[in-house]
Amino acid sequence: MEKDNFISPLEIAEAKIELARKSGARELNLSLLGLTELPASITQLSQVQELILFGNELTALPEPLGQLVQLTNLNLSSNQLAVLPAALGQFTQLQRLDLAGNNLTDLPEVLSHLTQLRILHLDGNNLTTFPETLGQLTQLEELHINENQLTMLPEFLGQLAQLQRLNLSGNQLTALPETLGQLAQLQRLSLRNNRLITLPETLGHLTKLTYLDLENNQLTAVPEALGQLTQLEELDLSNNRLTALPEALSQLTQLRTLELSNNQLPILPESLRNLKSLKGLYLHDNPKLGIPPEILGPTWGDADEKNKPANPASILDYYFRLRGGKRPLNEAKLILVGRGEVGKTCLVNRLVKNIFEPTDKTEGIAISDWQVNVGQDQVRMNIWDFGGQEIMHATHQFFLTDRSLYLLVLNGREGGEDLDAEYWLKLIASFGGDSPVIIVQNKIDQHSFDLNYRGLQAKYPQIRGYVKTDCRTPTGFAELESRIKQTLGEMTNVRASFPKAWFAIKDELAGMKVNYLSFDQFRATCARLGEGDSKSQEELAGFLHCLGVALNYKDDPRLRDTSVLKPRWVTEGIYRLLNASALAKQQGELILHDLSRFLLSEEYPPEKHEFLLELMRKFHLCFAFPDNQHRYLVPELLGKEEPDLKKEFAPEQCLNFEYHYDILPEGLLPQFIVRSHIHSQGQPRWRTGVVLRWENCRAMVKAEAGTRRVVVRVRDDGSESRRRLLAVIRMDFERIHAGIPRLEVKTKVPLPKHPEVVIDYDKLVSFERRGIKDFPEVVGDDVIIVSVVELLSGVDLPNVRKTTKTKEETMKAPKLFYSYSHKDETLRDKLETHLKLLKREGKISDWHDRRITAGTEWAKQIDDHLNQADIILLLVSADFIASDYCYDLEMKRAMERHEKKEAVVIPVILRDCDWHCAPFSKLQALPKDGRPVKKWEDRDTAWTDVAKGIRRVAEELDSRPMP
């Protein structure tokens, strides 16, 4: 662009002001223009009620700005303001004032004139005192003064009697005034990241408080008065110095989340068991309690829909059982990762047997054990040696665990060692959490190489050292063994307390000669060896699963008959299939009876073949074809060749969306292909991509390893249909991403007329929430104005972002339960796909038994979800009616709840059968006229009719008043 054509920020602002003046607009948005001053013409807009100046470079405001006396919303956040003009006091109609992210050290007296103010943001400034003027703003409902430098709060804080939200986080407060207790309307109080030593007893007067955050202070105790906060739902006391908990905590009967991580608690009061509403109890990093992470479950930061918090009752049961007798576990998992032929197996042989023995490539995972003396203790290491072939990387994620010690093995034969190290370190961080890593530079005598040690250490603090080795000589092995022992000595989980009665059970299972047990056989073993409590047996099963001693799938009804397995049996069976050359030649297609060609019948008898495929389906490694439930596809074995789709899916003609990854996980697209297989029937599939068809749309979804991104291109003749298919695709990716902890992924929206330019989706949503409607973007040598609403509306369904904002709204969404025969699973998949739009809009949350998670028995989880459901779908077929479980248990309970008006039951007729005499025959069935889905010529029309009927019910339920 020529300099003469350059449009300055001031000129852009003046043009917007002139447009607002002519149109009589009530809102003016001058965000992110880089303004250092405001145009004089802004004073002409006396009609403006909302003025948004977010993200400029303003250091001062002109006095004439006070002429905008109609202002109700003024956003001056993220500028460089050090002082505010007296004219601010003229905005007497102002209800919301945002001054966050400036350089303010004081506030003018005239601020007290803003008597209508409801919301005030002062966060991210340099305020050292609580300004006296704030005490006169008695209508304030929200005050955010976090991330400043306050050292004390004044007594007049109690005058703000209408406050409902108060955020004082990120200051330097050491004490709180007694008058804090006068804020009788307060519902949310955040005091994290201060220096509080004590809390006032008057805190107990805040009886409407539902949320209290005291994380990262210096508290050694909390007052008994905390027990008076009987409406409290969330309490965060993590990262303090607590040495005891008051008995009064047991009075918090509404408490759902209690965060106590990283304290110094030596003992827990038994009264915590009275907190019956508790859904999340976080006690991590309280070493004196002796509760291992396997029992504690994910931390508060890691817990989500996929990684659900551990059951608080189970945590407390384990803790109080420990007090009856315990000893250190002294066991850990040692996991070797790295590419093929770097010498991992030779490394294990040299460590464990002190021999050099050339080996063939590892087909999958080799599992062995190693006894190591660490100080006075002997520690048993369960060694998992992962095959390094590329096709194996996708399945590593199912066996990589945290609380393990990792050896990352590299060599310098092919170069690119630093990039290779980055790849594996990110993979370990995603699935292994903060587990320590020792980097082994192997075959150093043959291929000497160095790494960017300081750079890697800065990015990955879990690295415990670098050791150069060669298995032939053996160079460096004394140092490697010493480093392993030192690291084990630092891993507190290695010495985690373990109930004495459990050791015999663990040892017997570790040495069992059979490859698998039923869960009933596991229970019998537990009872014989002294653990008769059923809950304790379930906890132990989960613990052994995490340790890799005995894998456990008792939580899945399809796998329940063979639910305690030797890890070697599981991994070798799966990897033999993935490595079978004949299967690769078939492009990953197999029929159930084909498994006899690839698996030895002595180890894998035919009656266990379906179990193994169900296990692969659970891991999203394969799917069954709709026309034949005994015919499967393994996407990992699809060909790599990408079809020529450039013309059909030219980005200029498509709705585009992208995911950008810090590390693109191997197997991401094969997982997506499994999840979306209903839509790809008869469409091109390859290992890193797929074409989907839905309604009148087609979409291409492909992964690009070089750019570490997934590209989505959707094409059809109508924007609404394109957005609907994109919503379905995004739902599947969000589910996959949720299953990969710590995955760094950013969603990007390409500009419609300039698809080479991508905008961060979260940035757009933040702009929308701040009321910023457009912003400038550089495109080549030009600058264009991008509309936030238009860009978001292009990729989102209407109201999607608004319906998923708050926890209260999410909890309000009706819960939907599928009751169905497993022989109709493909049809249920199809229906679930048509309901994904309802889920994305926040209209429903759904559940079926494929979602069962570890931790409780499958039947209990089914019963719990059935009893909590607002909508119960009966997927009717002859197999459903013939199923004792579906018909006699689920259907009867569903009808009981329907008669009591506790739930709405909807029969969905899948296949022709005699259902007209069934108890549910009096109910309105779907699709229209109860015509079975499989009898419709256009199956999509049938499913659409079903989805519309469910939508009507969901929207009626959604209009219920909040309880």
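Further up the page is the structure itself.
In what follows, the accompanying structure is described. Remember, predicted model here, so these are calculated numbers, not experimental data.

1. Observations concerning the sheet that holds strand E19 (residues 463-468)
Then, in step 1: The strand order across the open sheet built from 6 strands is E15-E16-E14-E17-E18-E19, with neighbouring strands paired in mixed fashion. Unpaired on one side and paired on the other, strand E15 (365-374) and E19 mark the two borders of the sheet. Here the strands of the sheet are splayed against their neighbours by 20° on average, with no regard to which way each runs.
Then, in step 2: Here 5 bridges tie strand E17 (residues 404-410) to strand E18 (residues 437-441), and the two strands are oriented parallel to one another. Pairing of Leu408 across the sheet is with Ile439, part of E18.
Then, in step 3: On top of the sheet, helix H4 (residues 344-353) reaches strand E14 (331-337), E15, strand E16 (377-386), E17 and E18; it is set at about 160° to E16, its chief contact.
Then, in step 4: Sheet strands touched by helix H6 (residues 417-432): E14, E17, E18 and E19. Its angle to E17, the strand with the most contacts, is close to 160°.

2. Quick word on the sheet that holds strand E2 (residues 50-52)
Strands pair in a sheet through their backbones, by hydrogen bonds, and they do so in one of two ways: parallel or antiparallel.
Then, in step 1: Taken together, 12 strands build an open sheet; the order of strands is E1-E2-E3-E4-E5-E6-E7-E8-E9-E10-E11-E12 and the sheet is parallel. Where the open sheet ends on each side, the last strands, each with one partner, are strand E1 (27-29) and strand E12 (280-282). Strand-to-strand twist across the sheet, computed as the mean angle between neighbouring axes with direction ignored, equals 5°.

3. Digging into the side chain of Ser261
Then, in step 1: Considering the arrangement of structural elements, one finds Ser261 in the loop between strand E11 (257-259) and E12.
Then, in step 2: Relative accessible area serves as the criterion here: at 8%, Ser261 is assigned to the buried category.

4. What to know about the packing of helix H12 (residues 567-578) against helix H15 (residues 609-618)
Then, in step 1: Two numbers describe how H12 lies on H15: the axes approach to 11 Å, and their chain directions differ by 85°. In terms of axis orientation, H12 runs roughly perpendicular to H15. Seen from H12, the contacting residues are Trp569, Val570, Gly573, Ile574 and Leu577; seen from H15, they are Phe611, Leu612, Leu615 and Met616.
Then, in step 2: In terms of residue class, the contact of H12 with H15 is built from 8 nonpolar, 1 polar and no charged.

5. Some remarks on the environment of Asn373
Then, in step 1: Tracing the backbone through its elements, the reader meets Asn373 in strand E15.
Then, in step 2: C-alpha separation for the pair Asn373 and Tyr885, spaced 512 residues apart in sequence, amounts to 52 Å.
Then, in step 3: For Asn373, the contacting residues outside a window of four places in its chain are Gln378 and Lys485.

6. A closer look at unusual backbone geometry
Then, in step 1: The omega torsion of the bond from Thr473 to Pro474 falls at -5°, within 30 degrees of zero and hence cis.
Then, in step 2: Topologically, Pro474 is positioned in the loop between E19 and helix H8 (477-490).
Then, in step 3: Omega for the peptide link from Leu926 to Pro927 comes to -5°, which places this bond in the cis form.
Then, in step 4: Along the polypeptide, Pro927 turns up in the loop between strand E39 (904-909) and helix H27 (939-958).
Then, in step 5: Non-glycine residue Asn193 carries a positive phi angle of around 60°.
Then, in step 6: One can find Asn193 in the loop between strand E8 (188-190) and strand E9 (211-213).
Then, in step 7: Within the chain, Asp929 stands out as a residue other than glycine whose phi angle is a positive 65°.
Then, in step 8: Along the polypeptide, Asp929 turns up in the loop between E39 and H27.
Then, in step 9: Of the residues examined, Asp929 reaches a relative accessible area of 70% and is grouped as exposed.

7. Notes on the packing of aromatic side chains
Two numbers describe a pair of aromatic rings. These are the distance of the centres and the angle of the planes.
Then, in step 1: All chains considered together, the criterion is met by 17 aromatic pairs.
Then, in step 2: Taken together, a centroid distance of 6.3 Å and an interplanar angle of 70° make the contact between Phe54 and Phe767 edge-to-face. A residue pair is termed long-range when its members are at least 10 positions apart, and Phe54 in the loop between E2 and strand E3 (73-75) and Phe767 in helix H18 (residues 761-769) qualify at 713 residues.
Then, in step 3: Owing to a relative accessible area of 7%, Phe767 belongs among the buried residues under this scheme.
Then, in step 4: Site record: aromatic cluster; members linked through ring pairs are Phe657, Tyr659, Phe672, Phe733 and Tyr761.

8. Structural notes on the pairing of strand E29 (residues 689-694)
Then, in step 1: The buried count for E29 comes to 5 of 6 residues, which makes it a mostly enclosed element.
Then, in step 2: As judged from the 2 bridges shared by strand E28 (residues 685-686) and E29, these two strands associate in the antiparallel manner. In the sheet register, Arg685 faces E29, and the bridge partner there is Val690.
Then, in step 3: Hairpin connection, E28 to E29: the antiparallel pair is bridged by 2 residues.

9. Considerations on the pattern of salt bridges
Then, in step 1: Applying the stated criterion across every chain, the model contains 50 salt bridges.
Then, in step 2: Across the salt bridge formed by Lys702 and Glu642, the nearest N and O atoms sit 3.1 Å from each other. Linking Lys702 in strand E30 (residues 697-704) with Glu642 in the loop between strand E26 (628-633) and strand E27 (655-661), this pair joins segments that are 60 residues apart in sequence.
Then, in step 3: Glu642 sits in the partly exposed class, given a relative accessible area of 35%.

10. Digging into helix H26 (residues 884-899)
Then, in step 1: Between its first and last C-alpha atoms H26 spans 21 Å; for 16 residues at 1.5 Å apiece the expected length is 22 Å, and the two agree.
Then, in step 2: Approximately 30° is the largest bend angle found in H26, and it occurs at Met891.
Then, in step 3: Regarding H26, the residues found buried are Cys886, Tyr887, Glu890, Met891, Ala894, Met895 and Arg897.
Then, in step 4: Its side-chain oxygen placed 3.1 Å from the backbone nitrogen of Cys886, Ser883 serves as the N-cap of H26.

11. Re the pairing of E18
Then, in step 1: Among the 5 residues of E18, 5 are classified as buried, and the element is accordingly described as predominantly covered.
Then, in step 2: Here E18 shows no split at all, with Val437, Ile439 and Gln441 on one side and Ile438 and Val440 on the other all buried.
Then, in step 3: Pairing analysis gives 5 bridges linking E18 to E19, with the strands arranged parallel. Of the residues in E19, the one forming a bridge with Ile439 is Tyr466.
Then, in step 4: Handedness of the β-α-β unit built from E18, helix H7 (residues 453-459) and E19 comes out right-handed.

12. A short note on the environment of Leu235
Then, in step 1: Relative to the assigned elements, Leu235 resides in strand E10 (residues 234-236).
Then, in step 2: Classification of Leu235 as buried rests on a relative accessible area of 2%.
Then, in step 3: Spatially, the C-alpha atom of Leu235 lies 7.8 Å from that of Leu214, the residues being 21 residues apart in sequence.
Then, in step 4: When residues no more than four places from it in sequence are discounted, the contact partners of Leu235 are Leu212, Leu226, Leu249, Leu252, Leu255, Thr257, Leu258 and Glu259.

13. Some details on the environment of Pro293
Then, in step 1: Residue placement: Pro293 occurs in helix H2 (residues 293-296).
Then, in step 2: The class of Pro293 is partly exposed, set by a relative accessible area of 32%.
Then, in step 3: Along the backbone, Pro293 and Thr179 are 114 residues apart, and their C-alpha atoms lie at a distance of 41 Å.
Then, in step 4: The contact partners of Pro293, leaving out residues within four places of it in the chain, are Arg403 and Asn493.

14. Regarding the state of the cysteines
Then, in step 1: Throughout the structure, instances matching the rule amount to 0 disulfides.
Then, in step 2: Between Cys471, a cysteine without a disulfide, and Cys346, which holds the nearest cysteine sulfur, the sulfur-to-sulfur distance is 5.3 Å.
Then, in step 3: Cysteine Cys886 shares no disulfide, and the gap to the nearest cysteine sulfur, in Cys913, comes to 12 Å.

The rules behind each value
Residues numbered from 1 in each chain as written. Predicted model: local features only at pLDDT ≥ 70, side-chain atom pairs only at ≥ 80, totals over all residues. Heavy atoms only, no water. Pairing = 2+ DSSP bridges. Helix = DSSP H or I, 4+ residues; strand = E, 2+ residues; numbered from the N terminus. Axes fitted to C-alpha atoms, helices over the stretch in contact; angles between N-to-C directions. Contact = heavy atoms within 4.5 Å. Buried < 20%, exposed > 50% of the residue type's maximum accessible area, 1.4 Å probe, protein only. Parallel < 35°, antiparallel > 145°, perpendicular 65-115°, else oblique. Nonpolar A, V, L, I, M, F, W, Y, C, P; charged D, E, K, R; others polar. Phe/Tyr/Trp six-rings, centres within 6.5 Å; stacked < 30°, edge-to-face > 60°. Salt bridge = Lys/Arg side-chain N within 4 Å of Asp/Glu carboxyl O. Expected span 1.5 Å × (residues − 1). Bend = angle between axes of the 7 residues up to and from the residue. Polar contact = N/O pair within 3.5 Å; in protein donor to acceptor, adjacent residues only side chain to side chain. Right-handed = clockwise from strand over helix to strand, strands pointing away. Disulfide = S-S within 2.5 Å.

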